[in-house]
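An overview of the molecular structure
Here's the letter readout for the chains.
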Amino acid sequence: MTKRVYNFYPGPATLPLPVLERAKDEFLDFAGTGMSVLEISHRSKEWEKVMTDATSLVRELMGVPSDYKVMWLSGGASTQFFMVPLNLQEPRKAMEYVNTGGWSTKAIKEAGYFGEPKVIASSEDKNFSYIPKNVRFSKEIAFAHFTSNNTLYGTEWQYMPEVPKEVPLVCDMSSNIMDKPINIKDFGVIYAGAQKNLGPAGVTLVIVREDLLDRVPEHVPTMQKWKTHAENDSLYNTPPVFAIYICKLALDYMKEIGGVKELEKRNMKKAKLLYDIIDASDGFYKGHASKDSRSLMNVTFTMPTPELEDKCVKGGTAKGLIGLKGHRSVGGMRASIYNAMPLEGVEALAEYLREFQAENQ
Ligand SMILES: *Cc1c(COP(=O)(O)O)cnc(C)c1O
């Protein structure tokens, strides 16, 4: 047996072991072709099956209605930051954003190349430690954008922002896609870089309501139109085959263990283990996110001194608990406990944190 650690990195992040094992088993001879999945044509029937299966699994697991297109694109979530305004902006209409952290800020910056995005709510005043309450987008705007989970700060929306019926709601779900059931009908567009909660780096899942595909102006380059990829089932050009293939295996696995409802149950249990320790630590561990905005995916906290934090990260590494250093915008520690992080990993971390406090307080 190879030695595996518990990987709490924020992304690229841990993948389910059975997924890696299956990829390894079929690596040299994929589906009886005598070639690896990296070598077969993206026009072959074997590849086509990988892609249609991956797409059907997304549809099934997330309950995607038939009037939405599911696409697998390259360029990361960061490319969607500009593809959203490029494909959805309408003349003389506003683009409204909620700023809940570093990734929202970057999305807003890109929208700035297409007009003047309006930030209707922000939690920047308290270092993005909370989700603004009662967010309500305006009428007659081109689109409304928010980031459902804030990877760097460890906050997550616990409610749906209010949006007028005719306004498409756009959501960056990169770090919490499929962490709990959602109603796709509430959204016009959902996008997520795969490397956090879905699969490996290199592919971005984009879900767009069909009627929104025709908004894009003719002069926009072919590859930058969602419509191109929607009409060609993400095979207009060569797709990132290996990343999509691993996503497909990960989706198989998520279905096998009981789907998104089961994932939510597990995610709540995992997150509770860590937040309970923070809350019972008498201030030794200080959570960054306010309680009503806590993320199921990224648990962020600080300790009395940077020296203690450093010691805690190093001690964790020595125990096979890897990737606990917080992002520089918050400091301290961050445990990313995505869908693929097993309960045992979080239990091991919880035990370590309890011991660490007892020994260092
Ligand atoms: C990581 C992340 C991104 C950036 O994703 P890339 O695929 O690296 O472009 C965007 N949004 C959120 C919420 C993220 O966590």
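Residues numbered from 1 in each chain as written. Predicted model: local features only at pLDDT ≥ 70, side-chain atom pairs only at ≥ 80, totals over all residues. Heavy atoms only, no water.

1. Focus on the domain arrangement of the protein
The cut-off we apply is this: How far each domain reaches was decided by an automatic or database domain assignment. When checking whether two residues touch, look at their non-hydrogen atoms; a contact exists if any pair is within 4.5 Å. One speaks of a salt bridge when a side-chain nitrogen belonging to Lys or Arg is within 4 Å of a carboxyl oxygen belonging to Asp or Glu. Counted as a polar contact is a pair of N or O atoms within 3.5 Å, where, for protein atoms, one must be capable of donating a hydrogen and the other of accepting one, and residues adjacent in sequence contribute only when both atoms are in side chains. In this description a helix means any DSSP run of H or I spanning at least four residues, a strand means any run of E spanning at least two, and both kinds are numbered starting from the N terminus.
One can read the domain layout of the protein as domain 1 (17–256) and domain 2 (259–360). Centre-to-centre, using C-alpha coordinates, domain 1 lies 27 Å away from domain 2. Contact with domain 1, which involves 26 residues of that partner, is made by 24 residues of domain 2. Of the charged contacts in the structure, one is a salt bridge between Asp 292 and Lys 133, with a shortest N-O distance of 2.9 Å. Between the two partners, domain 1 and domain 2, sit 17 residue pairs in polar contact (both at pLDDT 80 or more). Looking at the side of domain 1 that touches domain 2, the elements with two or more residues in it are β7 (155–156) and α6 (241–256).

2. Examining the sheet that holds strand β11 (residues 286–287)
We apply this condition: DSSP calls a pair of strands paired once it identifies at least 2 bridges connecting them. Axis definition: a line fit to C-alpha positions, over the contact stretch in the case of helices; interaxial angles, taken between N-to-C directions, run 0 to 180 degrees.
An order of β11-β12-β14 is seen for the three strands of this open sheet, with the pairing classed as antiparallel. A strand with exactly one partner marks an edge of an open sheet, and here the two such strands are β11 and β14 (333–336). Judged from the two bridges that link them, β11 and strand β12 (residues 298–302) form a sheet pairing that is antiparallel. Residue Gly 287 lies in a different strand from β12, and its bridge partner there is Phe 301. Contacts from helix α7 (residues 259–279) reach β11, β12 and β14, with the element oriented near 15° to β12.

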